[in-house]
Amino acid sequence: MRFSVLASGSTGNSIYVENDNHAFIVDAGLSGKKMEQLFAKIDRDMKQLSGILVTHEHSDHIKGIGVLARKYNVPVYANAKTWQAMDGLVGDIPIEQRFEFAMETVKHFGSLAIESFAVSHDAADPMFYSFHENDRKLVIITDTGYVSDRMKGIIRGADSFVFESNHDVNMLQMGRYPWSIKRRILSDVGHVSNEDAAIAMSEVVFEKPTNIYLSHLSKDNNMKELARMSVTQTLQSCGIIAGEYVHLLDTDAEEPTKLVTV
């Protein structure tokens, strides 16, 4: 199983996951043209996609879904409430390409099992995914106001995490955003801070080689160094050696991350 973070942040989100027989993207929050360019950079072909997995209906997660679905005849998977919320936002997707992926269920695609789980975000019915093949596990969770004990139980022990570390609380509070937006980000249906991400990671990382890609970093209210320091120091304080295997996604880069084996 391999993956690449194609894009992460408020301007667009998409993550590519494949095994030897299937290929998926989690969300397509950029234009169809931009998604094609990102695929070319990881040397992959859109025609080989097995499906698009939707997390929620915010535009930075669904902008390119309709275009890609129609152009490449790609199946799209989302839960019922998210399908309803996307109506009018993604254009016409043929009924034969529309599939329901219910909350808290598992779908099997050959040897690849994909599990959906609920998160806390200001969307109709937001959920993210974990991928399982043999004894390997990849978890993707980038839009949630907090990480509940139930979420921790589902994501615990993954070999690779793509995990939200959206903002530094002090930078957000002192920054230029209106208070209404600050309150939304800090709420239980907003985004996880560096500090909260660090605490959550310390409770779900096992003592084994683990790749952690800190993602969905705010360009206005965060810095790569702060996010990395928060998670690294917290893991180290819990006795987990973090420096060699905590990877921070550079959301300012135009390049997708290289394909990584889980």
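## Focus on the overall build of the chain
Phase 1 of the analysis: Per the secondary structure count, the chain includes nine helices and 14 strands.
Phase 2 of the analysis: Against the globule reference of 18 Å for 262 residues, the chain gives a C-alpha radius of gyration of 17 Å, in line with a compact fold.
Phase 3 of the analysis: Looking at the chain residue by residue over its 262 residues, the buried ones come to 57%.
Phase 4 of the analysis: Sequence-distant contacts in the chain: of pairs separated by 6 or more residues, those separated by 24 or more amount to 62%.
Phase 5 of the analysis: On the chain, roughly 11,400 Å² of surface is accessible, and the fraction owed to carbon and sulfur atoms is 49%.

## Quick notes on helix H1 (residues 32–41)
Phase 1 of the analysis: The complete set of buried residues in H1 reads Gly32, Lys34, Met35, Leu38 and Phe39. Along H1, the residues classed as buried sweep out an arc of 160° about the axis, all on the same side. Opposite the buried face of H1, at more than 90 degrees from it, the exposed residues are Lys33 and Ala40.
Phase 2 of the analysis: Looking at the buried side of H1, the elements it contacts are strand S1 (2–7), strand S2 (14–18), strand S3 (23–26) and helix H3 (65–72).
Phase 3 of the analysis: One or two residues past the end of H1 sits Asp43, with phi positive at roughly 60°.

## Quick look at the pairing of strand S11 (residues 160–164)
Phase 1 of the analysis: Counting buried residues in S11 gives five out of five residues, a clear majority hidden from the surface.
Phase 2 of the analysis: Of the two faces of S11, the one carrying Ser160, Val162 and Glu164 and the one carrying Phe161 and Phe163 are both buried.
Phase 3 of the analysis: Relative to S11, strand S10 (residues 136–141) is paired through four bridges, and the arrangement is parallel. The residue of S11 that forms the bridge with Leu138 is Ser160.
Phase 4 of the analysis: In this region the chain leaves S10, passes through helix H5 (residues 149–155) and returns to the parallel neighbour S11; the handedness of that crossover is right-handed.
Phase 5 of the analysis: With five bridges connecting them, S11 and strand S12 (residues 211–215) associate as parallel partners.

## Considerations on the pattern of salt bridges
Phase 1 of the analysis: Counted by the stated rule, this structure contains 13 salt bridges.
Phase 2 of the analysis: When the shortest N-O distance is used, the salt bridge between Asp149 and Lys152 registers 4.0 Å. A residue pair is termed a helical-turn pair when its members lie 3 or 4 positions apart in one helix, as Asp149 and Lys152 do in helix H5 at three residues.
Phase 3 of the analysis: Here Lys152 falls in the buried class, since its relative accessible area comes to 10%.
Phase 4 of the analysis: Because the salt bridges share partners, they merge into one network encompassing Arg2, Glu18, Asp20 and Arg44.

## With respect to helix H9 (residues 224–237)
Phase 1 of the analysis: Compared with an ideal rise of 1.5 Å per residue, which puts 14 residues at 20 Å, H9 spans 20 Å between its outermost C-alpha atoms and is within 8% of the ideal.
Phase 2 of the analysis: Regarding H9, the residues found buried are Leu226, Ala227, Ser230, Val231, Thr232, Thr234 and Leu235.
Phase 3 of the analysis: Downstream of H9 by a residue or two, Gly239 has a phi angle that is positive, lying close to 85°.

## Quick notes on the sheet that holds strand S4 (residues 51–53)
Phase 1 of the analysis: The sheet built from seven strands is open, its strands ordered S6-S5-S4-S3-S2-S1-S14 with mixed pairing. Sheet topology places strand S6 (98–100) and strand S14 (260–261) at the edges, where each strand pairs with a single neighbour.
Phase 2 of the analysis: Taken together, the three bridges between strand S5 (residues 76–78) and S6 define a ladder with parallel strand orientation. Across the sheet, the residue bridging to Tyr77 is Phe99, located in S6.
Phase 3 of the analysis: Packed on one face of the sheet, H1 meets S1, S2 and S3 and runs near 140° to S1.

What counts as what
Residues numbered from 1 in each chain as written. Predicted model: local features only at pLDDT ≥ 70, side-chain atom pairs only at ≥ 80, totals over all residues. Heavy atoms only, no water. Helix = DSSP H or I, 4+ residues; strand = E, 2+ residues; numbered from the N terminus. Rg over C-alpha atoms; globule rule 2.2 N^0.38 Å. Buried < 20%, exposed > 50% of the residue type's maximum accessible area, 1.4 Å probe, protein only. Contact = heavy atoms within 4.5 Å. Areas by Shrake-Rupley, 256 points an atom, 1.4 Å probe, with all protein chains shown as cover. Arc of directions from axis to C-beta. Pairing = 2+ DSSP bridges. Right-handed = clockwise from strand over helix to strand, strands pointing away. Salt bridge = Lys/Arg side-chain N within 4 Å of Asp/Glu carboxyl O. Expected span 1.5 Å × (residues − 1). Axes fitted to C-alpha atoms, helices over the stretch in contact; angles between N-to-C directions.

By themselves, these are just geometric observations and shouldn't be taken as functional.
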